[in-house]
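Tertiary structure, described
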Amino acid sequence: MREIPGAWRRAARGAGLLAADGTSVPTIFAEMSALATHTGAVNLGQGFPDEDGPAEVLEVARAAIAHGVNQYPPGRGMPDLLEAIAEHQHRFYGLQLDPHRNVLVTAGATEALAATLLALVDGPEDEVVVFEPYYDSYAACIALAGARLVPVPLRWPDFQPDIEDLRRAVTDRTRLILVNDPHNPTGAVFERDALEEIVRLAEQHDAVIVTDEVYEHLVFDAQHVPIATLPGAWERTLTISSAGKTFATTGWKIGWVSGPADLIQAVLAVKQFLTYVNGAPFQPAIAAGLRLPDSFFTGLAATLRDKRDLLGRGLRAAGFDVSTPRGSYFTVADAAPLGATDAAQFCRELPGRAGVVAIPLTAFVTGEHRGDYATLLRFAACKRTDVLEDAVTRLAALKS
């Protein structure tokens, strides 16, 4: 195969997708989804809903398309969506944003993260502190930006950061501290003392805090606390979220980043040369969604909490040890009681044994730490109740 030079190698290597022969390999998500299709297994691997979002949100998008909202929107985002995001941040968290200076609409949270990392990281001397396991795009984008990823481990079963680990990781070389809360893949919601320590360390070492809060409305037993609301945090924090998880519109790719005007301007300088703009007819629809009554948002969390409990009971009955998530779409289970020693191999065999697909947690960690997560699997609860019930019934075969 022809040798293709370029920065793609850094991105693939960072995400663990560069084979020994120098070629790129598919993600575990692609492999497991293909296996689900091939075997007819229930796919609890990838974190996307199998139900449509609120009818009133979908109807606004249809009306926008019908009425000609099909060309480039403004570069920062449509004014109504910018205003709706600012209203949302004030309504739920008490943050006061200027919608035209403190908010930027992006092609999902993934682009917001990529643009932020590429904008604020400046080469191999910079370090980005990340909580491990981590969403795979973090490692790819950090590597693409040429920086060094510094992991802080989250350990079974509660996956809370150890404060001493955090203090060792953050130094004067730290450019960014990247926080995903609620956390994918573990379902953890970070305790207040950890959030406060992140702010203190960022101030001490003059680092920027970047938060991925796409599961902000999927916290089960408390209210979500954005780091930007903590004392001393606002001036050095960029908050990222999106519509996909809240409104079951993952394919629309409408995200946003909010924060101090100078940091937003830096991110815009890069973002405008990535996608430029996106999703014109979807932007007014998400503005409408963000203005839905409180009952929609509380109902969202309550519904997924019930699904979490259903899945957790089924996993325990099948013989797994289970970490009970406090937020997000995901539940982590330990397959060691079922004889597993290699999570990836167990996941490849699971469709044949039980007709269910999961993702190994080793897909979310650096190579040198794979052994620490060797028997842990991630299951997604963001499916219809009947689908989860079917999956639970199938998983019972593991004990027979």
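See the structure printed just above.
Everything in this summary refers to the structure shown in the same document. Positions within a chain are numbered from 1, following the residues in the order the chain's sequence is written. Totals for whole chains, interfaces and linings use every residue, but because this is a predicted model, local features are given only for residues with pLDDT of at least 70 and side-chain atom pairs only at 80 or more, for both listing and counting. The basis for the side-chain values is all heavy atoms of the structure; hydrogens and waters are excluded.

1. Some thoughts on the sheet that holds strand S9 (residues 321-323)
In a beta sheet, neighbouring strands are held together by backbone hydrogen bonds and run either parallel or antiparallel to one another. Counted only if it meets this: Between any two strands, at least two bridges found by DSSP are needed for them to pair. Strands are runs of DSSP state E lasting at least 2 residues, helices are runs of H or I lasting at least 4, and numbering of each runs from the N terminus.
Pairing within the open sheet is antiparallel, and its 4 strands lie in the order S9-S10-S13-S12. This sheet does not close on itself; its edge strands, each paired only once, are S9 and strand S12 (359-360). Two elements, S9 and strand S10 (residues 330-334), share 3 bridges in a ladder whose sense is antiparallel. Residue pairing across strands places Val322 opposite Ala333, the latter belonging to S10.

2. Focus on the packing of aromatic side chains
Put simply, the rule reads: What counts as a ring pair is set by centres within 6.5 Å for rings of Phe, Tyr and Trp (its six-membered ring), and what kind of pair is set by the plane angle: stacked under 30 degrees, edge-to-face over 60, tilted for all other angles. Burial classes: relative accessible area under 20% of the type maximum marks a residue as buried, over 50% as exposed, and values in between as partly exposed (1.4 Å probe, protein chains only). Think of it as a cone above the ring: NZ of Lys or CZ of Arg counts as a charge over the ring if it is within 6 Å of the ring centre and within 35 degrees of the ring normal.
Summed over all chains, the structure comprises 16 aromatic pairs. Ring geometry for Trp156 against Phe159: centres 6.2 Å apart, planes inclined by 85 degrees, an arrangement best described as edge-to-face. Taking the relative accessible area as the measure of exposure, Trp156 reaches 31% and is therefore partly exposed. Taking relative accessible area as the criterion, Phe159 reaches 0% and is therefore assigned buried. Both rings, one in Phe247 and one in Phe297, keep their centres 6.2 Å apart while their planes meet at 75 degrees; by these two values the pair is edge-to-face. With Phe247 in the loop between strand S7 (237-242) and strand S8 (255-258) and Phe297 in helix H11 (residues 294-317), this pair connects stretches of sequence that are 50 residues apart. Side by side, Phe247 and Phe297 carry an identical accessibility label, which is buried. Here a set of aromatic residues connected by ring pairs shows up, and it is made of Phe92, Tyr93, Phe247, Phe296 and Phe297. It is Arg378 that lies over the ring of Phe330; its NZ or CZ is 3.8 Å from the centre.

3. So, the pattern of salt bridges
The test is simple: By convention in these notes, a salt bridge is any Lys or Arg side-chain nitrogen within 4 Å of a carboxyl oxygen on Asp or Glu.
Going through the model one piece at a time under the given rule, you end up with 23 salt bridges. Across the pair Arg167 and Glu164 runs a salt bridge, and its minimum N-O distance is 2.6 Å. On the criterion of helical spacing, the pair formed by Arg167 and Glu164 is a turn pair, its members being 3 residues apart in helix H7 (residues 163-169). Take Arg167: its relative accessible area is 37%, and that puts it in the partly exposed class.

4. Observations concerning the side chain of Asp126
Here is the rule we go by: By the counting scheme adopted, Arg and Lys are positive, Glu and Asp are negative, and His together with the chain ends is not counted. Polar contacts, as counted here, are pairs of nitrogen or oxygen atoms within 3.5 Å of one another; within protein the pair requires one atom able to donate a hydrogen and one able to accept it, and residues that are adjacent in sequence qualify only if both atoms are side-chain atoms. The contact rule is simple, with two residues in contact once any of their heavy atoms fall within 4.5 Å.
With respect to the helices and strands, Asp126 occurs in the loop between helix H5 (108-120) and strand S3 (127-132). Here Asp126 is buried and forms no salt bridge, its nearest opposite-charge partner Arg175 lying at an N-O distance of 4.8 Å. Here Asp122 takes part through its backbone nitrogen, which lies 2.7 Å from a polar atom of the side chain of Asp126. For Asp126, the contacting residues outside a window of four places in its chain are Leu120, Val121, Ala147, Arg148, Arg173 and Arg175.

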